[in-house]
Structures are given as structure tokens and as C-alpha cells.
Amino acid sequence: MAAAAGRQPPGPAEGEAPAAGREAGAGGEEGEGRAKGGVEAGGCYLALCARPVHFEKANPVNCVFFDEANKQVFAVRSGGATGVVVKGLEDRNPISFRMEDKGEVKCIKFSLGNKILAVQRTLKSVDFLNFIPDSPQLEYTQECKVLPEKRTLKLLKNQSINVNWYMYCPESSVILLSTTVLGNVLQPFYFKSGTMSKLSKFEIELPAAPKSSKLSLSERDIAMATIYGQLYVLYLRHHSRTSNSTGAEVVLYHLPREGSCKKTHILKLNRTGKFALNVVDNLVVVHHQDTETSVIFDIKLKGEFDGSTTIHQFVLPPRSIQPYQIPVAGPPSVTSQAPVPCKLYSSSWIVFQPDIIISASEGYLWSLQVKLEPVVNLLVDKGKLMDFLLQRKECKMVILSVCSQMLSEPERGSLSVIATVFDKLNNEYKKYLEAEQSYTMVVETGLSRSNPLLKRPVRTQAVIDQSDMYTHVLSVFTEKKEAPHKFTIAVLMEYIRSLNQFQIAVQHYLYELVIKTLVQHNLFYMLHQFLQYHVLSDSKPLACLLLSLESIYPPAHQLSLDMLKRLSTANDEIVEVLLSKHQVLAALRFIRGIGGHDSISARKFLDAAKQAEDEMLFYTIFRFFEQRNQRLRGNPSFTPGEHCEEHVTFFKQVFGEQALMKPTTF
Amino acid sequence: MVSGGCRPQAQDGGGGGGRPGEAARSDPSQFLHLQPQARAQRGREKKILFYHPNEVEKNEKIRNVGLCEAIVQFTRTFSPTKPAKSLHTQKNRQFFHEPEENFWMVMVVRNPIIEKHKDGKPVYEYQEEELLDKVYSSVLQQCYSMYKLFNGTFLRAMEDGGVKVLKERLEKFFHRYLQTLHLQSCDLLDVFCGISFFPLDKMTYLKIQSFINRMEESLNIVKYTAFLYNDQLIWSGLEQDDMRILYKYLTTSLFPRHMEPELAGRDSPIRAEMPGNLQHYGRFLTGPLNLNDPDTKCRFPKIFVNTDDTYEELHLIVYKAMSAAVCFMIDASIPPTLEFCRKLDSIVGPQLTVLASDICEQYNINKRISGAEKEPQFKFIYFNHMNLAEKSTIHMRKTPSVSLASVHPDLMKILGDINSDFSRVDEDEEIIVKAMSDYWVVGKKSDQRELYVILNQKNVNLIEVNEEVKKLCATQFNNIFFLD
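Treat the numbers as computed from the prediction; the structure is a model and nothing was measured.

Peer 1: Explain the overall build of chain A here, please?
Peer 2: Per the secondary structure count, chain A includes 15 helices and 31 strands. The 666 residues of chain A split such that 49% are buried. Here the analysis covers contacts within chain A between residues at least 6 apart in sequence; of these, 53% occur between residues at least 24 apart.

Printed below as a string of C-alpha cells:
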């Protein structure tokens, strides 16, 4: 049970969007009429979600609250007496109820699962209301751990610290307390299953030595977010006139569960003014109100490493959030009205972690989204583009379209660029295969019971396997036949090279694609050389494909037989191939060489020998089987089960009855 | 008419050289050629397009040519499609070859001589059965192929400027080429005229593929590329038949010529003056000698490929870094400029240097893994007609341009005889010969492959020899379908 509510003194209550909500910089005093400075129309890579939560906008009788943990908006009319409406991004059915107006509501939120409602009306107490079915809805007031069945709360732990302000991150269950006079020493606590553990405190470096001993670190400039599975404290360090920095920057402190918090990344904003932070899809988004643009940072991309911290520039040029049309509500008859464009970067916007933007004045709650398609054209360096895309959640189709694009005019990439892209894809693909393999191994050896933490590796969209590449990129590309065949083959070989480099077994359909392309252009000698160096790995399907090429390229026969031989599981196929070419003796010698001559069908060989229309050959084969019969059964004659009567008759016809082998008796 | 002189296996003590009674001639053999349609209107002499040695008196030239013409015409009566290929006489063997319609090449090779002493006087005896027809007729065919590689067809020369141009081209080419023929050391390998492939693992091979593709992309005028390492082929963008003769040129002529300065330590290939600190070992084997000299000539040899089909004329650029050599072939209509050569050098040089050391490293690793470092216990020659792959543990490189067999010539002759037997039938065969002094020679033919093994073991019988060869096949050829 989340019991943090109300334990700490609440933050300064602000009229319209109070308590739990904080604005990270986008203060309301700036006017709305600022011109959009140099914002280009195209390439908006950030967008507000299409289905926002709409709520009654804040006004003197309607107070709006946001709960970051459940991502719910509370619209409280007249202190709850005329209704409370709770809406979340995920749950489409709003909860509405009434409660007694016991004074101004400072903060209101649900416990996880909407079971208990907590309402703060005074500085020192919190009121609770059970929302459990069949449980009386009576309010009770307390200060600590909640026991709904007893309608009491329980004290978990007591810590005495002088606190300037606090911040709670529901995702990671970590609370951050600002201590000391300057406020820049932060003390984190971690909650887990009813216990609270103190993590080591750390100090935020302030831009310049403060002149006076007053609170110098505002909670507005601090955010907490999980990026790539790790918790970070983000500090928006404003441009200081005394230091010669070129603008504001965001400093990331990595806050591990164990060990101390370290400054790891600096995100350069190269501008000054009012900023707000979001974290979307592991990207740090920094909104700049003055220019009405946003920039994004990816801490996994390469930056300048100075020995302890990595300095990052923004990945893409600054762009505005994609223009958003407010749907006009009302009966269908009036919806012909043009939708109203929404004012972006409005001063009434409030930003919450990780990806929430609320417009209190218009009554909307959006989640922020990153759109990958526009990124493709903004990041010219394909290698960097791949690094960026591979870290995104919904990347698969975009990556595949980038691959298709770089293979065809007008934006055909050079082979070295193509090679780089393939290597990046296969690196990710290999990582997954390895994880999968070691998981399977652990499960098979039964070690999984001793390791309960073991989880099946998750296949993210960044795992682009051979079948994806084949279906969406390579087969389409080879079929289009736009590119010169040299380029087509070079691309296929490059992909095969990359797979080999990462020691990924190549699927035979890729080889078939290579062979098909080579055959189409009569490049048989090339094909021959590839096979000679075993670049196209052996497999039965491939051997059969080669056999089918024999009529247009005779050496394919030899290549195919060699391949079957190397497979060592295709002895039957070898015999069939030889027999089909009337190389009966060769087939027999082969099967004898591998010791399988006692179990082969005499009829099959005699049939082939007869078809060869070579009497001596027939004689030899016939004699061989007579000898086999003699050896195995002590009699040279064939048994009825062998169905060789027809051949015995033929033998007698050609060579005479006396030529039949006489049974030897011992 | 092309005529050349060659002296095989001179057993008369080498140096002296002269044929008895013809001491004046240093080269005792000849080449004869016919161009029959010229017969009616012009004299026989007109038909001689090239004759070596040129000092031969005109009447003798005419006589010799006449003889050849007569023999070919005569034998045509019996076999219109396959006239005589060679003529055996006491002193000589004559080889006839009609590479293009109505153009004949004839090569006369003198039989080896043994000097015997009878009553204190030296007596010369011709060894009429020593020479192998297949070896020398192959040599003659290669003469044509080599000519064609650098000059195009005879017919094309005639079209370009008539007999005069053809004669000039023949003279220019064969004058030098005939001197490089080492007829004494010709053997079975000349029959195959195969290609030695460099053994390589898949990954390194793919890296080379990738390198070639990227080079062809950057140097977009490049039409074909071939890649060699240690004088062995790894990749050919040219068709097989063209590569076969180009390979012969590279390994018997171009590379050996550049080997000696390397061995002598001159021509230090590191060029530190390269801008952008791109130190590399790359250098041109054909074309410009010094890229920093603005007046340097960017002239490359021209070669002719696909002459049956598209008839392409190309510039041959051979560029080498350490043991890795790349042939870039560009269309002859685009003359390579110094600027292009510099670009090539700056792009190819550094990458090829890295690649060459990669190949070397990988090759050594593979050799260690497969345990192939041990001296081969078997002496064998392997040839695959399908891909022209050739492998010999019999031949050793004695001088840069000649590889000599390390076994007795008599054994080599047995190999040649077995080969002739094989070429007469289509079916798979196996021939085992007991040679002198505990030597056994085994020839095996399976599909398109031929294998010749020489064994030297005391007191072994046929079965044991057969077992030995099986063992060899199991170790050396286990990855191919080779019937036992």
C-alpha cells in the first residue's frame, strides 16, 4: 500500500493546479503572444496523443488535481459537494462521486487500484475514504500507514530531517528530499513492500556559488525519471551570467539502488529561457517556451566523454510539437465547424513526469509521443539514425523502411553506409539470440529452479531478424530490379557478410535470393566461386536448387554432389542423383564405400542399369546383387520380395541361363 | 603464319644447344602457320605472318610451311572436322593449331638427344617418344590465348589494318613472348593451365567480397576486378576462360618481374609522404611508377576479354599491397588519368594493406587449426575441370617464373600418359602404374576431377597402394564428392 501520501508537508499549494503538480520551469507570467522563432513547418517529431483526457477546465468553483502515480485527473467541483470526476489516460470510464464539502481541497488522490481515496484539506492531516465494494464509505483521518479494514493508519518509520521540499517518483518508489540551507543536498529514500530504506545522499552542483544562504535549488528544476531502466535525477541548470557556459543545460545524476549517486550526463541546451522536461521512450525531451520548440536527447548515443561525464548535444534540430487540433465537441450537426488549433507551449501548460502535459485552461491531459518517421529525414547520418531508432519502442517498421529507402533511388546509400546499417541491426539481433540461447540452456539444464530471477529475454522491436529483412526489404528490392545487378548482389553479400560477422546462421532463403539473382544475370562463374569458398552454406534445399540449375549450368551438378557429400546426412539423395544420371556403378560404389550396400534395394539399381542400356553394366550390377544374396542368405537367387523377376528374365535372355550364378555349398 | 622455336629437355648437356649440323642456330625449333585462302593469289611467302627464328632462309621457310599445309590438308580428307594435331618425325614433333578459321599456328619442337659414343666418336640419338603431344599442343594453344589477351583476335587485327597490322602485332608480341616460354619444364600442369586458389575461411572471403564491391562502387569506372593473394586467386569478376589466361600472365610474367626488386629490398613501398598520414604498402604493378611526378605516364596494358561475345577492350590496372594483388579492369575508352590513379592509390592502398594483413593472419590461424603445417606426405597433382582449380605438391618454385617438378621426368611422363588415357573416355577411371625403383603412380578420374598421386614405398602391393590413395582422399579431399 502506498503510504507516502501526506507524510511530508505538501508543496506550496497553487490556486489552479496545486499540490502534486509542479511546473518544471514553464512559468505562467510570460505572455502567450510570442512569435514562433524560426520553427520550420515539417519534421515535427513530437506530438500530443490523439486521445487526450478531457476534463472540466479549472475555474473558481472547479479545482483540478493531477496524481502522477495513477496518472489521473481529478476535477473537484465545490469542494466535492457537487461532484468529483476522476479520469485517467488508460481507463476510459471516469469515476464520479460526491463527497462532503469539508473545506478547500489541497490535494486528492487514489491509492493504487482506486481502493482508497486520500484527500488533504489541512496542512497536517489527510482524510481517507474507502472505495472497496461492500465497505461503508465513511471518512477517517490519520497520519500514517492505512489499514482499511480497521480504518486506521500505521506508522512505518520515522525520520527526522529538515526538509525544504520533496519529490516522489511513483515509477521507482523513490522519494527525494531537499535538505540543507541551500537545498542542494538531496536525500533519497526507497520504498519497497512496506519498508523504507535510506539511500546515500548527494549534492547537486549549483551553477555559481550563491551569494547568500538562501534556498538555491528549486524543486521546479529537479525531475526524476527512469531512463533505460535506470533512475536518474534530472537537474535543469540555468544559464548563469558569471560562468561562461553557452546556455542552460540538463545535468543527469544516476541514482542506483545501491551505491552512490553520480553525475553522468550533461545535456547541452545552447539556449536560455524557460524550459520544461519530459521523458518519452527513454528520450529526454526539453521544451523551450521562448522559441516554442523542443529538443530531444538520447543518453545512449555517443557523446563527448570527459572522463566522468558524457556531454550530449541534441539529437535533432529543434522542432515544435506537431500542431494539435482541438476536436469541437457538441452534437453531430455542429461538428462541421472547423476544429480549433490548440495553443502549444501555452503558459498554462503544466508538465509532469514522465510524459504528461496538462493544459489546465483548456481542460486537456495529453501524453507526449515521439514520432519516428520525421526523424528519418532529419538525421542524415544513417549510422546515427540506426543507433537512435534501435532504442525506440515502435521502431521496427521505420527501420525496415529506412533499409528499403537506402537501397533504392533517389536516396540510395553507399555500400559502406549499407554495411554499417546491417552491422548495427545484426548486433542487436545477435544480442537477442545470445540471450535467448543462454536462457534455453539454463532451462534445459534444469538450473532455472535455482535461479528464480531468470526471465525469458524480451524480444523488442529492435530485433530485426533475417525473415524481417527478407520479407520487407531484400526480396522486394531484388524483385524491383531497379538497381544494377552488381549493386543488388553487393547488397545481398553485404548482408550475408554482416550476419557471418556476428556469427548468425544464415537462412537458406537468403542464399536462394543470391542464387536467383546470379542466375538471372547469367553470373554462373560468380556463383561457382561463392560456392567454392562455402560462402553459401551447405543445406539440402540449396543442393536441390543447384541440381535444378544443371541444365543451364552443368557444373552445378558437381557443386550439388559436393554439397550433399559434405552434409553427410544426404546419402540417399546422392544415390538418387547418380542413378538418375545412369551412373549406376558410381552409385553402387558410393553406397558400398559408406557401408550401406547390404540394405539397398536391388530392384532400384537393376532398373537404373537396364535404363542405361548398357548390357555389361547390367551384368555387373546383376552379378553384384547375386553375390550379395549369396553372402547374406547363402543363395544367389533373388527372393520374391525383391521383385526382381523381370530382371532375372532379362538377364537370362541376354546372357543365357547358364550365366546365372550357381549356389555355392559349403 | 606464326612460327616459334622451342627446345625441350635438352639432354645434350644444356649450354651447347645447337642441333647437330645446325650449329649456327641457337634455337633449334620452329613454328609454322598457314592461311590457306591466301594461297591462290599470293605466293606462299605472303602467307607467313610470323616466323621464328626469322633468320631462317626464305626458301626453307616456304618449304616448311608448305609441308605443314600439305599435312593438314591431307589429314582433313580423313577427318574433316579434326585434322592432324601433331606430326611425329625422327628429329621433331610438329604441333598444328587452328585458333581462328583459316589461321594456323604451328610449333616445331625438337626431340631430345642423347649423346652416345661409338668407336670413340660421339653419336646422337633422338628420343622420339619423350615428348607428350598434349603438353605441347596445350602450350601452343596458350600462346594463342596469351596473344589474344593482349591483342584481340587475328581477325580483328585484319579488320583494323589488314595483314600489315596483324604482322606487326604478331612480331611485337611473339618476339618477346617466345623468349619467356620454358619448354624444357613443361609438363602436366601446362595441359591443365589451371588456377591455384588461395584457401580461405568464409569470413575473410566475405570481407574481400565487401572490399571489392566497395572499391568498384568508389572507382565507378571499374568494370571487373580480380583479387589474388600469394599469387593464388581468390576472386575473379572476369569469366573463367579469360581469368585462366590472365592468371597465367600474372603468375608467370608480371608478378615474377616485380618480385625481384622486392626481394632485393629496393623500392621500399612505405610512402610516408602520403597526405593525411595514410601510410600503406600499396603500389602499382602496371601503370604509373611515381604518383608524385606530374609527368608520370599512366599507361596500362590493354587486354581483350569476352572475344567470342561482347569483345571488350580493357585497361589492366594491377595494384599490390604486401601479398595481396588486385586487378582493376576499366573500359579502354576511358583512359585512366593521373588523378584517377592517385584516387585509386589513396582509397585502395590503406584498405588493401589492412586486408592483406588480415588475410595473412587468418590464413596462419586456419593452417594451425587444420594442422596443415606439416609437410605433405603425398606428392600429388589435383585438377578440377569445372573451376580449373589446380593443386600440386610436386612442383616447386625454382625461379620466379618457372615451377619445376620435384620428381624424375620419367614419372612426370607417366602422369602425362595417364592424362592422355583419361581424356580419351568420358567415364570415371582409375589407373595404377608400377614405375621404376619402388615408385607407384596412381591416376584417378571422378566426374570432372583428376588426381595423380606418386607414392614411393618399398615392397607394397596394389591393395596397399589403393589404401594409401584412399587415405589421401579422405584427408585432402573429404569435402568434395570424389568416388573411391
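Peer 1: Even after reading the chapter, I still don't get the packing of helix 5 (residues 466-480) of chain A against helix 6 (residues 485-501) of chain A, so can you show me in this structure?
Peer 2: Relative placement of two packed helices is described by the angle separating their axes and the distance separating the axes. Residues and elements named next belong to chain A. Their axes nearest at 11 Å, the elements helix 5 and helix 6 cross at an angle of 170°. When the axis of helix 5 is compared with that of helix 6, the two are roughly antiparallel. As helix 5 packs across helix 6, the resulting crossing turns out to be right-handed. Contacts from Gln 466, Met 469, Leu 474, Phe 477 and Thr 478 in helix 5 reach Phe 487, Thr 488, Val 491, Leu 492, Tyr 495 and Leu 499 in helix 6. Partitioning the contact of helix 5 with helix 6 into residue classes produces eight nonpolar, three polar and no charged.

Peer 1: I keep staring at the pairing of strand 30 (residues 356-359) of chain A and nothing clicks. Help me out?
Peer 2: Regular strands place their side chains on alternate faces of the sheet. All names here are of chain A. Here strand 30 shows no split at all, with Ile 356 and Ile 358 on one side and Ile 357 and Ser 359 on the other all buried. As paired elements, strand 29 (residues 349-352) and strand 30 share four bridges and run antiparallel to each other. Residue Phe 352 lies in a different strand from strand 30, and its bridge partner there is Ile 356. Sheet topology note: the strand 30/strand 31 (residues 364-370) ladder contains four bridges and is antiparallel. The residue of strand 31 that forms the bridge with Ile 358 is Leu 365.

Peer 1: Mind showing me how you'd approach the domain arrangement of chain A here?
Peer 2: Accessible area lost during the coming together of the parts is what is often quoted as the interface size. According to the domain assignment, chain A contains domain 1 (53-143), domain 2 (165-207 + 215-320), domain 3 (376-445 + 456-590) and domain 4 (591-665). Taken over C-alpha atoms, the centre of domain 2 of chain A sits 87 Å from the centre of domain 4 of chain A.

Peer 1: Teacher, can you tell me more about unusual backbone geometry here?
Peer 2: In most cases, non-glycine residues show a negative phi, while peptide bonds are predominantly trans. The linkage connecting Glu409(A) with the following residue, Pro410(A), adopts the cis geometry, with an omega of 0°. Examined against the element boundaries, Pro410(A) turns out to sit in the loop between helix 3 (396-407) and helix 4 (415-444). With an omega of 0°, the peptide bond running from His52(B) to Pro53(B) counts as cis. Among the structural elements, Pro53(B) can be located in the loop between helix 1 (44-47) and helix 2 (58-78). The phi torsion at Asn522(A) lies on the positive side, around 55°, for a residue other than glycine. Given the relative accessible area of 54%, Asn522(A) is considered exposed. Phi is positive for Asn306(B), which is not a glycine, with a value near 50°. As for its placement among the helices and strands, Asn306(B) is situated in the loop between strand 10 (302-305) and strand 11 (312-321).

Peer 1: I keep staring at the interface of chain B and chain A and nothing clicks. Help me out?
Peer 2: Listed per partner, the contact involves 38 residues of chain B and 37 residues of chain A. Summed over both sides, the interface of chain B with chain A buries roughly 3300 Å², with 56% coming from carbon and sulfur. Where chain B touches chain A, the interface holds three salt bridges. Among the ionic pairs, Glu216(B) bridges to Lys486(A), the shortest N-O distance being 3.0 Å. Here chain B is connected to chain A by 15 residue pairs in polar contact (both at pLDDT 80 or more). If you list the elements that add at least two residues to the side of chain B that touches chain A, you get helix 6 (202-218), strand 7 (222-229) and strand 8 (232-236) of chain B. Looking at the side of chain B that touches chain A, its residues break down into 17 nonpolar, 10 polar and 11 charged.

Calculation rules
Sequence order as written defines the numbering, with residues in each chain counted from 1. Working convention: letters from A go to chains and numbers from 1 go to ligands, in the order in which they are written. Local features are withheld for residues below a pLDDT of 70 in this predicted model, meaning they are given only at 70 or higher, and side-chain atom pairs are given and counted only at 80 or more; totals for whole chains, interfaces and linings count all residues. Only heavy atoms go into the side-chain values, all of them from the structure, while hydrogens and water stay out. Numbering goes from the N terminus for both helices and strands, where a helix is a DSSP run of H or I of at least four residues and a strand is a run of E of at least two. For the exposure calls, accessible area comes from a 1.4 Å probe over protein chains only, and a residue counts as buried if that area is under 20% of its type's maximum, exposed if over 50%, partly exposed in between. The contact rule is simple, with two residues in contact once any of their heavy atoms fall within 4.5 Å. Working convention: axes come from line fits to C-alpha atoms, limited for helices to the stretch in contact. Angles between N-to-C directions cover 0 to 180 degrees. When an angle is under 35 degrees it counts as roughly parallel; over 145 it counts as roughly antiparallel; between 65 and 115 it counts as roughly perpendicular; any other value is oblique. A crossing counts as left-handed when the near helix is turned anticlockwise from the far one by less than a right angle, and as right-handed when that turn is clockwise. Lys, Arg, Asp and Glu make up the charged group, whereas Ala, Val, Leu, Ile, Met, Phe, Trp, Tyr, Cys and Pro make up the nonpolar group; the residues left over, Gly among them, are polar. Strands are labelled as partners when DSSP assigns at least two bridges between them. Domain extents, as shown, originate in an automatic or database domain assignment. Values labelled buried area give the accessible surface lost by two parts on being combined, using a 1.4 Å probe and summing over both. Criterion for a salt bridge: a side-chain nitrogen of Lys or Arg within 4 Å of a carboxyl oxygen of Asp or Glu. Any pair of N or O atoms that falls within 3.5 Å is considered a polar contact. Within protein, one atom must be able to donate a hydrogen and the other to accept it, and sequence-neighbouring residues count only if both atoms are side-chain atoms.

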